[in-house]
Amino acid sequence: MKRKIITIVTVVLCLIYFSFFFSSVSTVKATAETNEGTNGLNESIVELLDELDLQALEEYVDSLDSFSDKSVSERLFEYIKGDSIDYPNFFSGMADVLFENVKTLLPSFLCIAAVTLLCGIVTTLKVGKTAASSESMIFLIAYASSLIPVLAVVTECFTAAKESVSAMQTQMQIVFPLLLTLMAASGGTVSAAICRPAVAFFSTNIVTLISSVVFPLTLVIIAFSVAGHLSKELKFGKFAAFFKSVNKWIIGVSVSVFGLFFTLQGLTAATYDGITRRAAKYAIGTGVPIVGGFLSGGFDLAVAGSALIKNSLGSMSIFMMVSVLFEPIVLLVSVNLLLKLTAAITQPFGDERISDFLGETASNLNYCTAGVLFSAFLYFLCIVLIVGTSEAFF
Amino acid sequence: MSGYILSVIGVVLIAAILTAILPEGKTNGVIKSVMKVVCVFTIVSPVFEYLGGAENINSEGIFEKSVINEDVSFIDYCSKISVENVAKELEASLETEFSVQVSVTLEWRYKQETTDILVGSYENDKIEIVKATVALEVEPDAETKEKIIGFLKETGIGEVEIV
């Protein structure tokens, strides 16, 4: 019952966040009514893009294959104009990566299944006085033969996961200063002041927590699983359970506390900035164009241009995030499914310890997947909040 | 942290291999017991370090403070454009209100404000227009000058100068 409630809440939260994203994506189109206004806005956007320091982002984007065909300024301007994204090609590319991964990994798992089944058959056929000692020797050989490809695959998974998290961290450290700059330039000074420490904390501390604690603890859990199945005398099940619990608490507490707190603060700040701006506009009714230090309610091209560039940069950041996230996730999912499939195949005929080991390794790898997805989710949340706050300003 | 992880993995795997390949014998049980004790002590070693007064558990920089620096020159550029827009609007307002041809130049600065939101106080910079210099094509009479100065001061500008 508890799990159902948690699942429903998670789905509702995701729908709310996606609704923010799609509503803000729709605002990347220019809203000026006349051609003259649109041209003026476009010119302002081009000037702002020239003024904005995009060098670090340009260098990073050049290193990504899928984004190196255009400059960052050109790409941002295209998103603002509302040029459509080529969804069919994007999704077909994703499907190609999925099948290629499965094809590459399949021989290793077939080898594991074959060795395990063979050893299972030989053990079944054992006869004579040396049956007991030969059984342990056969198990050792089968286990070692299965372990080598599994460890190679697991190492590849961890490397891919760590590189993905590291790539996301690099993106955050490039993109967040730009987004906060554009947020402050578009009138969201309070929002920028609130988001600044939160995104700094997330991009440095939380991501380091994932790569320095969660991933290594997952390796330890897998090592306990290897040792526990190799030797019946060594029992590390409870230690493994303890480290699993630590991982769950780290991920759970981080995503709920940071996510909820930052969402609440960000939305409140955006409302504050928006109300202040509307109060200034309302004062125009008395013939006063400026109230205090705030600027008039007339259409400010710099503010509007900054807001549009911020939204399109947010969209581009999400595409960049997906580009570094997709392959590792596909690899982790493929390995998880293949491990479970191999465990299922070897269970009827092979040694129970090997199939249990394969099944446990598949479950333990989920912490790796969770770490990557958790980093991506919080990154996505930060972008959506920063982009979505501009809705409250106008 | 990485040192601890490597030591745990190494000790556990070596213990597992040893217990698996050791031949049967009298010392078998003793060796296995010793390996188990070594494994347990290696895994719980951080607890002993903490109790022993280890000062720094932040070996991986998990609690390192970091700062995000915005592009100040871009914000200044946008602020300058916004202030220029305001100057143009002021010129239009003055021309409509007083039927005079004017050119308005605004001096501005950033004013730091503290905003309390939920559980935190946050400092942010707002644009503050400090002085407005109004250049008139035709010298108006004193009454009109006073009205112009009064009009501009009502908008919140600190100092107004007519040239």
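Model, not experiment: these values are computed from the prediction.

The rules behind these values
Residues numbered from 1 in each chain as written. Chains lettered and ligands numbered in written order. Predicted model: local features only at pLDDT ≥ 70, side-chain atom pairs only at ≥ 80, totals over all residues. Helix = DSSP H or I, 4+ residues; strand = E, 2+ residues; numbered from the N terminus. Rg over C-alpha atoms; globule rule 2.2 N^0.38 Å. Buried ≥ 20, exposed ≤ 12 C-beta atoms within 10 Å, placed from the backbone. Contact = placed C-beta atoms within 7 Å. Core = buried A, V, L, I, M, F, W, Y, C linked by C-beta atoms within 7 Å. Domains from an automatic or database assignment. Axes fitted to C-alpha atoms, helices over the stretch in contact; angles between N-to-C directions. Parallel < 35°, antiparallel > 145°, perpendicular 65-115°, else oblique. Nonpolar A, V, L, I, M, F, W, Y, C, P; charged D, E, K, R; others polar. Expected span 1.5 Å × (residues − 1). Arc of directions from axis to C-beta. pLDDT = per-residue confidence, 0-100. Left-handed = near helix turned anticlockwise from the far one by under 90°.

(A) Summary view of the overall build of chain B. When its secondary structure is counted, chain B shows four helices and three strands. Ordering the α and β elements of chain B from the N terminus gives α-α-α-β-β-α-β. Computed over the C-alpha atoms, the radius of gyration of chain B is 37 Å, more than 25% above the 15 Å expected from 2.2 N^0.38 for a compact globule of 163 residues. Over its C-alpha atoms, taken along the principal directions, chain B stretches across nearly 115 × 25 × 20 Å. Counting the 163 residues in chain B, one finds 19% classified as buried. For chain B, restricting intrachain contacts to residue pairs at least 6 apart in sequence, the fraction spanning at least 24 positions comes to 49%.

(B) Quick look at the nonpolar core. One finds Cys-157, Leu-179, Ala-227, Tyr-379 and Cys-382 of chain A together with Val-12 of chain B to be the most contacted residues of the largest nonpolar core, which totals 116 residues. Each of domain 1 (2–51) and domain 2 (72–162) of chain B accounts for three or more of the residues forming this core. If near-sequence neighbours (up to four positions away) are discounted, Cys-157 of chain A is found in contact with Leu-331, Leu-332, Val-335, Leu-365 and Cys-368 of chain A. One finds Ile-129, Ile-148, Leu-152 and Ile-157 of chain B within the second-largest nonpolar core, a separate group that totals 14 residues.

(C) Looking closely at the packing of helix α7 (residues 189–230) of chain A against helix α1 (residues 2–21) of chain B. α1 of chain B packs onto α7 of chain A with a crossing angle of 5° between their chain directions and a minimal axis gap of 9 Å. The angle between the axes of α7 of chain A and α1 of chain B places the two elements in the roughly parallel class. Of the residues in α1 of chain B, those in contact with Pro-216, Leu-219, Val-220, Ala-223, Phe-224, Val-226, Ala-227 and Leu-230 of chain A of α7 of chain A are Ser-2, Ile-5, Val-8, Ile-9, Val-12, Leu-13, Ala-15, Ala-16 and Ala-20 of chain B. In the contact of α7 of chain A with α1 of chain B, the residues fall into 16 nonpolar, one polar and no charged.

(D) Region of the structure containing α1 of chain B. Along its 20 residues, α1 of chain B runs 28 Å from first to last C-alpha, staying within 8% of the 28 Å computed at 1.5 Å per residue. Within the sequence span of α1 of chain B, burial applies to Val-8, Val-12, Ala-15 and Ala-16 of chain B. The buried side chains of α1 of chain B occupy one side of the element, clustering within an arc of 100° when seen end-on. Relative to its buried face, α1 of chain B has exposed residues pointing more than 90 degrees away, namely Ser-2, Gly-3, Gly-10 and Ile-21 of chain B. Those residues of α1 of chain B that are buried are in contact with α7 of chain A together with α2 (26–51) of chain B.

(E) Here's a closer look at the environment of Val-220 of chain A. Residues and elements named next belong to chain A. With respect to the helices, strands and loops of the structure, Val-220 is situated in helix α7. For Val-220, a count of 22 C-beta atoms within 10 Å translates into the label buried. Considering only alpha carbons, one finds Val-220 and Phe-243, 23 residues apart in sequence, at a separation of 8.1 Å.

(F) Fine view of the interface of chain B and chain A. Contact residues are listed per partner, giving 51 residues for chain B and 55 residues for chain A. Elements with a contribution of two residues or more to the side of chain B that touches chain A: α1, α2, α3 (72–98), β1 (102–117) and β2 (120–136) of chain B. Looking at side-chain class alone, the side of chain B that touches chain A contains 26 nonpolar, 12 polar and 13 charged residues.

(G) Spatial organisation of helix α4 (residues 72–81) of chain A. Burial in α4 of chain A covers these residues: Val-72, Leu-76, Tyr-79 and Ile-80 of chain A. Down the axis of α4 of chain A, the buried side of the element spans an arc of 105°, and every buried residue falls inside it.

(H) Region of the structure containing the domain arrangement of chain B. Its domain assignment divides chain B into domain 1 (2–51) and domain 2 (72–162). The centre of domain 1 of chain B, based on its C-alpha atoms, is set 74 Å off from the matching centre of domain 2 of chain B.

(I) Spatial organisation of the confidence of the model for chain A. All names here are of chain A. When pLDDT is averaged along chain A, the result is 79, and 79% of the positions lie at 70 or above. Looking over chain A, one finds the lowest element-wise mean pLDDT in helix α1 (residues 2–26), namely 60, and the highest in helix α10 (residues 352–388), namely 90. With pLDDT under 50 throughout, residues 23–32 is counted as low confidence; its partners more than four residues away or in other chains account for 21 contacts. Residue range residues 284–295 is modelled with pLDDT below 50. Its contacts to residues more than four positions away, or to other chains, number 33 contacts.

(J) Expanded view of the environment of Ile-141 of chain A. Along the chain, Ile-141 of chain A turns up in helix α6 (residues 131–185). Between the C-alpha atoms of Ile-141 of chain A and Val-333 of chain A, which are 192 residues apart in sequence, the distance is 28 Å.

(K) Structural detail: the environment of Met-137 of chain A. Residues and elements named next belong to chain A. Looking at where Met-137 falls in the secondary structure, it is placed in helix α6. A tally of 12 C-beta atoms within 10 Å means that Met-137 is categorised as exposed. Put simply, Met-137 and Ile-251 are 114 residues apart on the chain and 41 Å apart in space, counted from C-alpha to C-alpha.

(L) Layout of the packing of α1 of chain B against α2 of chain B. Residue and element names in this part refer to chain B. Close contact between α1 and α2 brings their axes to 10 Å; oriented N to C, the two are set at 165°. In terms of orientation, α1 and α2 fall into the roughly antiparallel class. For α1 against α2, the interelement crossing comes out left-handed. Of the residues in α2, those in contact with Tyr-4, Ser-7, Val-8, Val-11, Val-12, Ala-15, Leu-18 and Thr-19 of α1 are Ile-31, Lys-32, Met-35, Val-38, Cys-39, Thr-42, Ile-43 and Pro-46. Per-class residue counts for the contact of α1 with α2 are 12 nonpolar, three polar and one charged.

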